Amino acid sequence: MSLLKRFYTNIICSRVYCIMLLVSLTALSASPLLQNYVGRFVKVAFVWGAFIVLRDLALNRALIKNRYSFWLFLFCIGYAFSILIAAPDFLTENVKQYLYMALYMVLLFGNDITAPFEKKLSELQAVANTFIAVTFAMTLTCIAFFLFSADFTYYHEKYGELTVGLYQDRFGGLYNPNTGSAMATIAVFVCWMMLVMKKRPRPLKAFYIAVIVLQYAYLLLTQSRTAWYTLLIFGGIVLFVQLLIKFKDRVKKTLSAALLAAAAVVVLVAGAEVLRTPTVKGISYLPSIVQQLENVVVRKGSFSSEFIRPVIEGREDMYHEKDGDVTSGRVLIWKASLEVFKEYPVFGVTREGLHDRIAPYLSEGRLRNVNNGGLHNIYLTVLVCAGLVGFALLAVFVFSICKTLLFKRFLPVSRGNLWQYLLMAITFSFFLMEFFESRILFRSNVFSVTFWVFTGYLMYFAEKDIQKKDDSLLRKNWVARIENRLKSIFQKKQPA
């Protein structure tokens, strides 16, 4: 095989390399500061991914031969009608986002069910390590900004004036605090998954643990409630499973082991919640300590304890009487979105048409929130943007996934399967965090990429387990049925 042919086969046609590039670029461009410089290269990854998808569709359609792609296919058809009905308004931007969304549903979620288990496991580890490495580098930079009290404002053409560093009582660094906290939460679960997947060399194990500690500290500094409680809930569930496995080796009775594990989790989770604010305050002393050390070492001055004070003491939300609430104004946006839904219930208003349609129902400040972050609820976003048709189709897709994971597949509680429980936690974490955000659909960003890719691998391993008992998956999926039907028709037309 020539060098050029090997490059084409092993690199150009490699789905996993394309995914790793997408993960890297979208993680970097999640920072508004870097978005203008890095975001343009996402288009390169899109073209590469489109080539891989078109090649797959022409050869064997392996990426869509699963029981869930049918509902995604119908959703894409339904949302195409939404775009056409709204046309010519917002047509260009809607089509652009539509193509990214459809690509991610096929390229990232789709996996060849006939591929060997070990190959897919190796792919998952490569993607996971890519996500860990990029988020680690970015979070480390953010923490450096925090420690050295580096902050500045700049103008972003879409979001206006933005702050890098500490903003009021929340620290985001290079990211918006809600963005950074969600990435930190996913990074903790991904590192945890890599730790339990198999025995690691001590340096690598130490690295994963260090990343978890770093991301945990950053998550605390962002003061994000949604990401924090997501970590507590799903981290508590996984921790219960891990402790149950450990206690079962020491306690003969499963019920006793379960009670011990549950008690330990309750104590640890409650302790983490109680200590959250004091921990944030404790960490917040570090910048002033660093400033004093710098004064001693660089300026040859003296260390003064009177200047040692926390830069963050706790999150204090300021609510205005008319447009504020405990959800930081989200309830007002949700109520306005329901008014829009009443006007366009069947096919919705499309994602790009959302701003203009909801404008009459919101103040200027809340309208900026919609322009920057959507409806801050993925379920309402689907309902309003894609209508009842799109919402129903995606609901069937989600329920079919849950049905497979919780009822059709039996995953024994064992050390060997613990990483799969963590992979499940990643997907379900998105379902919870997206109740207060809207990032995994109609947008090309790190959250849509990581959601579809990790959910895709999760369902591949689930289907692979089911296939051991039921080998009809390859024959009964909707694509195989259409292929077989077409083959039978063409064979009948051929002369004897």
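Presented here is a report on the structure given in the accompanying data block. The residue numbering used here restarts from 1 in each chain and proceeds along that chain's sequence as written. Since the coordinates come from a predicted model, pLDDT governs what is reported: local features require at least 70, and pairs of side-chain atoms require 80 or more to be given and counted, while whole-chain, interface and lining totals use all residues. Each side-chain value is worked out from all heavy atoms of the structure, with water and hydrogens disregarded.

Focus: the overall build of the protein chain
- Secondary structure counts use DSSP, requiring at least four H or I residues in a row for a helix and at least two E residues in a row for a strand, with both numbered from the N terminus. The secondary structure content of the protein chain amounts to 20 helices and three strands.
- Here the radius of gyration uses the C-alpha set of atoms, whereas the globule reference equals 2.2 Å times the residue count to the power 0.38. Computed over C-alpha atoms, the radius of gyration of the protein chain comes to 24 Å, within 12% of the 23 Å expected from 2.2 N^0.38 for 496 residues, which places it in the range of a compact globule.
- The C-alpha extent of the protein chain, read off along each of the three principal axes, is 100 × 65 × 55 Å.
- The buried share among the 496 residues of the protein chain stands at 50%.
- Here, two residues are considered to be in contact whenever any of their heavy atoms come within 4.5 Å of each other. Expressed as a percentage of contacts within the protein chain between residues at least 6 apart in sequence, the contacts between residues at least 24 apart total 76%. Type-normalised accessible area, obtained with a 1.4 Å probe on protein chains alone, sets the label of each residue: buried when under 20%, exposed when over 50%, and partly exposed for intermediate values.

Comments concerning the pattern of salt bridges
- Definition used for salt bridges: Asp or Glu carboxyl oxygen within 4 Å of a side-chain nitrogen of Lys or Arg. Overall, the coordinates contain 13 salt bridges when judged by the stated rule.
- The residue Glu93 makes a salt bridge to Lys96 at a minimum N-O spacing of 3.3 Å. In this pair, Glu93 and Lys96 both sit in helix 6 (residues 91–107), three residues apart, roughly one turn of the helix.
- On the basis of relative accessible area, Glu93 is assigned to the partly exposed category, the value being 34%.
- On the basis of relative accessibility, which here comes to 37%, the residue Lys96 falls in the partly exposed class.
- The closest approach of N and O atoms between Asp465 and Arg409, which form a salt bridge, is 2.8 Å. With Asp465 in helix 18 (residues 446–469) and Arg409 in the loop between helix 16 (378–408) and helix 17 (418–433), this pair connects stretches of sequence that are 56 residues apart.
- Note on Asp465: relative accessible area 18%, which makes it buried.

Topic: helix 18
- Here a helix's expected span is defined as the number of its residues, less one, multiplied by 1.5 Å. For helix 18, which comprises 24 residues, the first-to-last C-alpha distance of 36 Å matches the rise-based estimate of 34 Å (1.5 Å per residue) to within 8%.
- With 22 of 24 residues buried, helix 18 is to be regarded as a mostly interior element.

Structural notes on the packing of aromatic side chains
- Between rings of Phe, Tyr and Trp, where Trp is taken as its six-membered ring, a pair exists when centres lie within 6.5 Å; planes separated by under 30 degrees are stacked, by over 60 edge-to-face, and by other angles tilted. Per the counting criterion, the structure on display carries 34 aromatic pairs.
- Both rings, one in Phe430 and one in Phe451, keep their centres 5.6 Å apart while their planes meet at 80°; by these two values the pair is edge-to-face. Of this pair, Phe430 sits in helix 17 while Phe451 is found in helix 18, placing the two residues 21 residues apart along the sequence. Phe451 carries the same exposure label as Phe430, and that label is buried.
- Put simply, the rings of Tyr68, Phe109, Phe397, Phe428, Phe430, Phe431, Phe451 and Trp452 pair up and form one aromatic cluster.
- Think of it as a cone above the ring: NZ of Lys or CZ of Arg counts as a charge over the ring if it is within 6 Å of the ring centre and within 35 degrees of the ring normal. Positioned above the aromatic ring of Phe447, the side-chain terminus of Arg439 is 4.1 Å from the ring centre.

Regarding the packing of helix 2 (residues 15–29) against helix 18
- Orientation is described by axes fitted as lines to C-alpha atoms, over the contacting stretch for helices, and by angles from 0 to 180 degrees between their N-to-C directions. Between helix 2 and helix 18, whose axes approach to 8 Å, the crossing angle comes to 145°. At the point where helix 2 passes helix 18, the crossing takes the left-handed sense. Contact with helix 2, carried on its side by Arg15, Val16, Ile19, Leu22, Val23, Thr26 and Ala27, involves Val446, Val449, Val453 and Tyr457 of helix 18 and no other residues of that element.
- For the contact of helix 2 with helix 18, the per-class residue count stands at nine nonpolar, one polar and one charged. Handedness of a helix crossing follows the sense of rotation of the near helix relative to the far helix, less than a right angle counterclockwise being left-handed and clockwise being right-handed. All residues other than Ala, Val, Leu, Ile, Met, Phe, Trp, Tyr, Cys, Pro, Asp, Glu, Lys and Arg, Gly among them, are scored as polar; the first ten of these are nonpolar and the last four charged.

Topic: the packing of helix 13 (residues 330–343) against helix 16
- Contact geometry of helix 13 with helix 16 gives a least axis separation of 10 Å together with a crossing angle of 10°. The pairing of helix 13 with helix 16 is recorded here as roughly parallel in orientation. Note on element contacts: helix 16 touches helix 13 through Leu380, Leu383, Val384 and Leu388, opposite Trp334, Ser337, Leu338, Val340 and Phe341.
- In terms of residue class, the contact of helix 13 with helix 16 is built from eight nonpolar, one polar and no charged. With respect to orientation, any angle under 35 degrees is reported as roughly parallel, any angle over 145 as roughly antiparallel, any angle of 65 to 115 as roughly perpendicular, and every other angle as oblique.

Describing the sheet that holds strand 3 (residues 170–173)
- For two strands to pair, DSSP has to find at least two bridges joining them. As summarised here, the arrangement of the three strands in space is 1-2-3, forming an open sheet in which the pairing is antiparallel. The open sheet terminates on both sides in strands that have one partner only, identified here as strand 1 (152–156) and strand 3. Averaged over neighbouring strand pairs, the angle between their axes works out to 50° when direction is ignored.
- Where strand 1 meets strand 2 (residues 160–167), five bridges bridge the pair, whose relative direction is antiparallel.

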